[in-house]
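Single-letter residue listing:
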Amino acid sequence: RWHDQAWSHLEHAVRTGESAFVHAFGMSTFDWLSEHPDEARIHSMAMAANLRPRTEAIVQAIDFSRFNVVVDVGCGNGALLNAIVDRNPDIIGIGTDLEHAIIEANRLFATNGIADRCQAEPCDFLVSVPSGGDLYILSNILHDWDDEHCCKILHYCRKAMENDSKLAIVEFLIPPDNEFSPAKLLDLEMMVMSGGGRERRESEFRTLLHSAGFTIESITPLDTGEMIAMATRA
């Protein structure tokens, strides 16, 4: 119901460029969810179910055996990190997210018997990101934010990384021509639900990462329509 209510303010977002959700509720989506734990739990479960094929694609696309400590920045209910650590018994997993999200993540890790090497901790990635990882993951995080906030998130990731650490970004790419793409529909969702978030073209990702001090090493397309951009500190 709250999602539909935000979409009923689509015209306001189109006319002004402001968030339809903020116009409807007077606060950001993340702030609203933090005040409504039941809705936040359902939202987290829905995201995990919707993104299950992507989780499988990521686990298969990245050679995690190269890494010792994986940090999932904005881990949600921990589904992705759970899959990574479960299939790679030598990896230590660190999840970070807001308080209401990590409760579900740590419950998942405990249920699956990996809590001894996989924990989620509260973190505002607009303020800091935990150090000590040799792979940092931003999975469907940057599309929630405008370029200014993305640069801030990337800045704190870069600050936490060692010189040989890697950054994996998982996002949809908007194709350069006028063909149909799910990314274009998701772009509308971002306009409604976030304050300036959007999907991006490959050229925009390259510009964004370059401005934050990163170099893209590779871009791997996934069967789900998304891509994994692997980057290092420039």
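The structure under discussion appears in the preceding block.
In this report, we go over the structure that sits alongside the text. (Residues numbered from 1 in each chain as written. Predicted model: local features only at pLDDT ≥ 70, side-chain atom pairs only at ≥ 80, totals over all residues. Heavy atoms only, no water.)

### Quick notes on the packing of helix α6 (residues 52–61) against helix α7 (residues 79–87)
Packing of α6 against α7 leaves a shortest axis separation of 10 Å and a crossing angle of 40 degrees. As far as their axial angle goes, α7 and α6 are oblique. Regarding α6 and α7, the two cross each other, and that crossing is right-handed. Mapping the contact onto sequence places Thr55, Glu56, Ile58 and Val59 in α6 and Ala79, Leu80, Ala83, Ile84 and Arg87 in α7. (Axes fitted to C-alpha atoms, helices over the stretch in contact; angles between N-to-C directions. Helix = DSSP H or I, 4+ residues; strand = E, 2+ residues; numbered from the N terminus. Parallel < 35°, antiparallel > 145°, perpendicular 65-115°, else oblique. Left-handed = near helix turned anticlockwise from the far one by under 90°. Contact = heavy atoms within 4.5 Å.)

### Some thoughts on α6
For an α-helix, 3.6 residues make a turn, and residues three or four places apart therefore share a direction. Of all the positions in α6, only Arg54, Thr55, Ala57, Ile58 and Val59 are classed as buried. Next to the buried residues of α6 lie α7, β4 (135–139), β5 (166–172) and β7 (226–233). (Buried < 20%, exposed > 50% of the residue type's maximum accessible area, 1.4 Å probe, protein only.)

### Some details on helix α9 (residues 147–160)
Relative to the 20 Å expected for 14 residues at 1.5 Å per residue, α9 spans 20 Å between its end C-alpha atoms, a close match to the ideal helical length. All of the buried residues along α9 are Cys150, Ile153, Leu154, Cys157 and Ala160. Angularly, the buried residues of α9 cover 120 degrees about the axis, an arc narrow enough to put them on a single face. Facing away from the buried side of α9 by more than 90 degrees, the exposed set consists of Glu148 and Lys159. Looking at the buried residues of α9, the elements they touch are β1 (69–73), β4, β5, α11 (202–211) and β6 (214–221). (Expected span 1.5 Å × (residues − 1). Arc of directions from axis to C-beta.)

### Overview of the pattern of salt bridges
With the rule as written, the count across this model stands at 8 salt bridges. For glutamate 11, the salt bridge goes to arginine 15, with nearest N and O atoms at 2.7 Å. Linking glutamate 11 with arginine 15, this pair stays in helix α2 (residues 10–16), spanning 4 residues, or about one helical turn. Between glutamate 217 and lysine 166 there is a salt bridge, with the nearest N and O atoms lying 3.0 Å from each other. With glutamate 217 in strand β6 and lysine 166 in strand β5, this pair connects stretches of sequence that are 51 residues apart. The exposure class of glutamate 217 is partly exposed, given its relative accessible area of 46%. The class for lysine 166 is buried, based on a relative accessible area of 17%. (Salt bridge = Lys/Arg side-chain N within 4 Å of Asp/Glu carboxyl O.)

All we've got here are geometric facts, nothing functional implied.
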